[in-house]
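These are the residues of each chain, in order.
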Amino acid sequence: MEAKTGKFFESVGAFLDGGEDQIPWCDRDVIAGCEKEVADAANGGSEEHKSECIMRLSWALVHSRQAEDIQRGIAMLEASLASSSSPLQKREKLYLLAVGYYRSGEYGKSRQLVIAPDFRQVLTLKKTVEDRIAKDGVTGKGITASAVVGLIAGGIAGGIAAALARKK
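By the naming in an unreviewed UniProt entry, the protein chain goes by Mitochondrial fission 1 protein and is assigned to Vitis vinifera. Per its UniProt entry, the protein chain bears the Sequence similarities (unreviewed entry) comment "Belongs to the FIS1 family."

Here you go:
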């Protein structure tokens, strides 16, 4: 029974959230493997190999379901962005930063970083971010409208009750 209740709330949450987006998720065991790779590379690998390992770890972190991992990935990418040697590497880091910001709910920051129109992944992320921003705006308006209607209905009901009490 408890499992069914949990699935029900997950499905309601997915409905309200808009379901799954097209951005992949990363499991904790993949992150642990990437962390081990970075540690091994730091103990005797070339700078290029170490940089590749850090990039894989950053990818895994911003694709995590855990908020702490996402924040760690964002911090790593922000710290390494200035040292990007090639335009392609900088573009990949900006994309991963945009994913991290999207996952952490900072849609405006994510949208600002989605600037490479010839990069298919960026186009997918841009659409996902814009859809989320539009959906959150509609949801926010719906919640506000519901609250206003509730207040008006409560006021009307209170007025009727007061009028009936005066008549007696």
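Draft legend 1. Inspection of the nonpolar core at higher detail. Of all hydrophobic cores here, the largest spans 16 residues; its most connected members are Leu96, Val99, Tyr102 and Leu125. For this core, the secondary structure elements donating two or more residues are α3 (47-62), α4 (67-81), α5 (87-103) and α7 (120-167). With seven residues, the single largest contributor to this core is α5. Once residues lying within four places of it in the same chain are set aside, the contact partners of Val99 are Ile23, Val62, His63 and Leu125.

Draft legend 2. Up close: the packing of aromatic side chains. Tallying each qualifying case throughout the model produces one aromatic pair. Its guanidinium or amino end placed over the ring of Trp25, Arg103 lies 3.5 Å from that ring's centre, counting from NZ or CZ.

Draft legend 3. Quick look at the side chain of His63. Within the secondary structure, His63 is located in the loop between α3 and α4. Engagement of the side chain of His63 in a polar contact is seen with the backbone oxygen of Trp59, the distance being 2.7 Å. Leaving out residues up to four positions away in the same chain, His63 has contacts with Ile23, Pro24, Trp25, Cys26, Leu96 and Val99.

Draft legend 4. Structural detail: the pattern of salt bridges. The full count for this structure, using the stated rule, is six salt bridges. Salt-bridge contacts for Arg28 lead to Glu35; the nearest nitrogen and oxygen are separated by 4.0 Å. We classify Arg28 as partly exposed; its relative accessible area is 43%. Of the charged contacts, one joins Asp40 and Lys36 as a salt bridge, the two residues approaching to 3.0 Å between their closest N and O atoms.

Draft legend 5. Representation of the state of the cysteines within the structure. Considering all chains together, one arrives at zero disulfides under this definition. Free of any disulfide, Cys26 has its nearest cysteine sulfur in Cys34, 6.4 Å distant.

Draft legend 6. Summary view of the environment of Ala32. Relative to the assigned elements, Ala32 resides in helix α2 (residues 28-42). In this structure, the C-alpha to C-alpha distance between Ala32 and Leu57, residues 25 residues apart in sequence, is 8.8 Å.

Draft legend 7. Up close: the packing of α4 against α5. Contact geometry of α4 with α5 gives a least axis separation of 9 Å together with a crossing angle of 150 degrees. Overall, the two elements α4 and α5 adopt an arrangement that is roughly antiparallel. Both α4 and α5 take part in a crossing whose hand is left-handed. Where α4 abuts α5, its residues Ile70, Ile74, Leu77, Glu78, Ser80 and Leu81 lie against Lys90, Lys93, Leu94, Leu96, Leu97, Gly100, Tyr101 and Arg103. Of the residues assigned to the contact of α4 with α5, the class counts are eight nonpolar, two polar and four charged.

The rules behind each value
Residues numbered from 1 in each chain as written. Predicted model: local features only at pLDDT ≥ 70, side-chain atom pairs only at ≥ 80, totals over all residues. Heavy atoms only, no water. UniProt positions renumbered as here; feature names shortened; annotations may be inferred. Core = buried A, V, L, I, M, F, W, Y, C linked by side-chain atoms within 4.5 Å. Buried < 20%, exposed > 50% of the residue type's maximum accessible area, 1.4 Å probe, protein only. Helix = DSSP H or I, 4+ residues; strand = E, 2+ residues; numbered from the N terminus. Contact = heavy atoms within 4.5 Å. Phe/Tyr/Trp six-rings, centres within 6.5 Å; stacked < 30°, edge-to-face > 60°. Lys NZ or Arg CZ within 6 Å of the ring centre and 35° of its normal. Polar contact = N/O pair within 3.5 Å; in protein donor to acceptor, adjacent residues only side chain to side chain. Salt bridge = Lys/Arg side-chain N within 4 Å of Asp/Glu carboxyl O. Disulfide = S-S within 2.5 Å. Axes fitted to C-alpha atoms, helices over the stretch in contact; angles between N-to-C directions. Parallel < 35°, antiparallel > 145°, perpendicular 65-115°, else oblique. Left-handed = near helix turned anticlockwise from the far one by under 90°. Nonpolar A, V, L, I, M, F, W, Y, C, P; charged D, E, K, R; others polar.

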